[in-house]
Amino acid sequence: MSNPVTIIMIEDDEGHARLIERNIRRSGVNNEIMPFTSGTAALNYLFGKDGTGLDHKGSALLILLDLNLPDTTGIDILKRVKENKYLKTTPVVVLTTTDDSHEIKRCYDLGCNVYITKPVNYESFANAIRQLGLFFSVIQVPPAAT
């Protein structure tokens, strides 16, 4: 039996974070969601005390990542995760307001698994997150490399 997937939500806008969590829950996903409002705190958690990422060996994680963070960029987080031998198989879903085609291509080139532009309209945003929650309920997530 596989470990339950922990969703790492890296989102600095607390309103967006609440909306994301509420609508993921509404879609029936009950996995643990660990929210981080800063990239630094998320990186500290992901890479652990020794900075290697070994702390999550064998854990099933899924990262929900905003690109526009106040202290570090989502791009930097994506790069570091995908370059790390323990975390590189962790699925990364970029969820951001940025819809620039160059930025989208860059994220996919760096290894993001899904890129979603946040709709501006509240109801459209809520609906998109519910659909994302349904997606989370059916995907298979590999454990961090051993």
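Here the structure is a predicted model, which is why all the values come from computation and not from measurement.

**Student:** Explain the overall build of the protein residue by residue, including any values.
**Tutor:** Within the protein, the secondary structure is distributed over five helices and five strands. When the helices and strands of the protein are read in sequence order from the N terminus, they spell out β-α-β-α-β-α-β-α-β-α. Here the C-alpha atoms of the protein give a radius of gyration of 14 Å, agreeing with the 15 Å that 2.2 N^0.38 yields for 146 residues. A principal-axis box enclosing the C-alpha atoms of the protein has dimensions of 40 × 35 × 25 Å. Every one of the 146 residues in the protein was classed for burial, and the buried ones make up 45%. Pairs at least 24 apart in sequence give 70% of the contacts found in the protein among residues at least 6 apart.

**Student:** How would you sum up the UniProt feature "domain: Response regulatory" (unreviewed entry) in the protein? Please name residues and give values.
**Tutor:** As annotated in UniProt, the feature "domain: Response regulatory" (unreviewed entry) corresponds to residues 6-133 in the numbering used here. With 42% helix and 19% strand, residues 6-133 has its two end C-alpha atoms placed 13 Å apart.

**Student:** Please provide a residue-by-residue account of the pairing of strand β4 (residues 92-96), values included.
**Tutor:** Among the five residues that make up β4, five are buried, leaving the element largely enclosed by the rest of the structure. Both faces of β4 are covered, namely the face carrying Val92, Val94 and Thr96 and the face carrying Val93 and Leu95. Handedness of the crossover joining strand β3 (residues 60-65) and β4 through helix α3 (residues 74-83) is recorded here as right-handed. Handedness of the β4-helix α4 (residues 101-110)-strand β5 (residues 114-117) crossover: right-handed.

**Student:** How would you summarise α3 if you had to cite specific residues and measurements?
**Tutor:** Within α3, burial applies to Gly74, Ile75, Ile77, Leu78, Val81 and Lys82. Along the long axis of α3, the arc covered by the buried residues comes to 160 degrees, so they all point the same way. Where α3 is buried, its residues touch β1 (5-10), α2 (39-47), β3, β4 and α4.

**Student:** Account for the packing of aromatic side chains, with residues named and values stated.
**Tutor:** Describing an aromatic ring pair means giving the distance of the ring centres and the angle of the ring planes. Throughout the structure, instances matching the rule amount to one aromatic pair. Taking the centre distance of 5.5 Å and the plane angle of 35 degrees together, the rings of Phe36 and Tyr45 count as tilted. Exposure remark for Phe36: the relative accessible area of 11% places this residue in the buried category. Exposure remark for Tyr45: the relative accessible area of 27% places this residue in the partly exposed category. Above the plane of the ring of Phe47 lies Arg80, whose end atom (NZ or CZ) is 4.4 Å from the centre.

Calculation rules
- All residue numbers refer to position in the chain's written sequence, counted from 1.
- With the structure being a predicted model, the display of local features is reserved for residues of pLDDT at least 70 and the display and counting of side-chain atom pairs for 80 or more, all residues being used for whole-chain, interface and lining totals.
- Side-chain numbers here rest on the full set of heavy atoms in the structure, without hydrogens or water.
- Helix and strand assignments follow DSSP, with helices taken as H or I runs no shorter than four residues and strands as E runs no shorter than two, numbered in order from the N terminus.
- In this setup the radius of gyration rests on C-alpha atoms only. A globule is expected at 2.2 Å times the number of residues raised to 0.38.
- We call a residue buried when its accessible area falls under 20% of the maximum for its residue type, exposed when it is over 50%, and partly exposed in between, using a 1.4 Å probe and counting protein chains only.
- Contacts are residue-level and defined by heavy atoms, with any inter-residue pair within 4.5 Å sufficient.
- UniProt positions are given in the numbering used here, feature names are shortened, and annotations may be inferred rather than shown by experiment.
- The path from the first strand over the helix to the second decides the hand: if it runs clockwise while the strands point away from the viewer, the crossover is right-handed.
- When we speak of the arc, we mean the arc of directions from the helix axis to the C-beta atoms.
- Here is the rule: rings of Phe, Tyr and Trp (six-membered ring for Trp) pair when centre to centre is within 6.5 Å. Planes less than 30 degrees apart are stacked, more than 60 are edge-to-face, and the remainder are tilted.
- Should the NZ of a Lys or the CZ of an Arg lie within 6 Å of a ring centre and within 35 degrees of the ring normal, that charge is described as sitting over the ring.

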